[in-house]
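# Residue-level structural notes
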Amino acid sequence: MSDELWDRLEPLLPQRERRFRYPGRKPLPDREVLCGILYVLHTGIQWEYLPRELGFGSGMTCWRRLRDWNEAGVWQRLHEVLLAELNAASRLDWSRCVIDSSHVRALKGASMGFVKL
């Protein structure tokens, strides 16, 4: 993962507080776990087969962190940040944008403005 992408993502990640008493094992750094998540998603291997030798931690650690980040809305915020940057740089063609009801909730009785194509 590039330093540039990591610099955008790191502030969006939730900060975990360590317990003062019985703090347990120190958690793996988020960047290493993210690389493990990306490795699994890129290769398509099962989480439990993630090789520990790569330094990403266990597949279960990566899966849990992915779940936690998803619940915290990290991916949605990253998507919004990247879209805002691309829009500010005029790198988006909004005429090719499509709204799909599987991604945007349709409210009953709401008036919708449709564009005739």
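In short, a report on the structure. (Residues numbered from 1 in each chain as written. Predicted model: local features only at pLDDT ≥ 70, side-chain atom pairs only at ≥ 80, totals over all residues. Heavy atoms only, no water.)

### Points about the overall build of the protein
Along its length, the protein carries four helices and zero strands. Listing every helix and strand of the protein by position from the N terminus yields α-α-α-α. Looking at the protein residue by residue over its 117 residues, the buried ones come to 19%. Within the protein, contacts between residues at least 6 apart in sequence are counted, and of these 52% link residues at least 24 apart. For the protein, the accessible surface area stands at approximately 9900 Å², while carbon and sulfur atoms represent 55% of it. (Helix = DSSP H or I, 4+ residues; strand = E, 2+ residues; numbered from the N terminus. Buried < 20%, exposed > 50% of the residue type's maximum accessible area, 1.4 Å probe, protein only. Contact = heavy atoms within 4.5 Å. Areas by Shrake-Rupley, 256 points an atom, 1.4 Å probe, with all protein chains shown as cover.)

### Notes on the packing of aromatic side chains
Scanning the entire structure with this criterion turns up two aromatic pairs. Between Tyr39 and Phe56 the ring centres are 6.0 Å apart and the planes differ by 45 degrees, which places this aromatic pair in the tilted class. With a gap of 17 residues between them, Tyr39 in helix α2 (residues 30–43) and Phe56 in the loop between α2 and α3 (59–71) connect regions that are remote in the sequence. Residue Phe56 is classed as buried on the basis of its relative accessible area of 14%. Look at Trp69 and Trp75: their rings are 6.1 Å apart centre to centre, the planes differ by 70 degrees, and that puts the pair in the edge-to-face class. On the accessibility criterion, Trp75 (26% relative accessible area) is partly exposed. (Phe/Tyr/Trp six-rings, centres within 6.5 Å; stacked < 30°, edge-to-face > 60°.)

### Considering the nonpolar core
Leu9, Leu13, Ile37, Trp47, Cys62, Trp69 and Val74 are the most contacted members of the largest nonpolar core, which totals 16 residues. Put simply, the parts of the chain that give this core at least two residues each are α1 (3–9), α2, α3 and α4 (74–88). By residue number, the principal contributor to this core is α2, which donates four residues. In this view, Val74 contacts Leu9, Leu12, Leu13, Pro14 and Trp69; residues no more than four positions away in its chain are not counted. (Core = buried A, V, L, I, M, F, W, Y, C linked by side-chain atoms within 4.5 Å.)

### Observations regarding unusual backbone geometry
Non-glycine residue Ser90 carries a positive phi angle of around 55 degrees. Tracing the chain through its elements places Ser90 in the segment after α4. Residue class for Ser90 comes out exposed when judged on its relative accessible area of 65%.

### Brief notes about the packing of α2 against α3
Remark: α2 packs on α3, axes separated minimally by 9 Å, with the N-to-C direction vectors making an angle of 100 degrees. Between α2 and α3, the angle is such that the two are roughly perpendicular. In contact with Asp30, Val33, Leu34, Gly36 and Ile37 of α2, α3 contributes Thr61, Cys62, Arg65, Leu66 and Trp69. When the residues that make up the contact of α2 with α3 are grouped by side-chain class, the tally is six nonpolar, two polar and two charged. (Axes fitted to C-alpha atoms, helices over the stretch in contact; angles between N-to-C directions. Parallel < 35°, antiparallel > 145°, perpendicular 65-115°, else oblique. Nonpolar A, V, L, I, M, F, W, Y, C, P; charged D, E, K, R; others polar.)

### Details of the pattern of salt bridges
Inspection of the entire model under this criterion finds six salt bridges. For Arg8, the salt bridge goes to Glu85, with nearest N and O atoms at 2.8 Å. In this pair, Arg8 sits in helix α1 while Glu85 sits in helix α4, placing the two residues 77 residues apart along the sequence. Put simply, Glu4, Arg8 and Glu85 are held in one network by salt bridges that share partners. (Salt bridge = Lys/Arg side-chain N within 4 Å of Asp/Glu carboxyl O.)

Remember that the coordinates give geometry; whether it matters functionally is a separate question.
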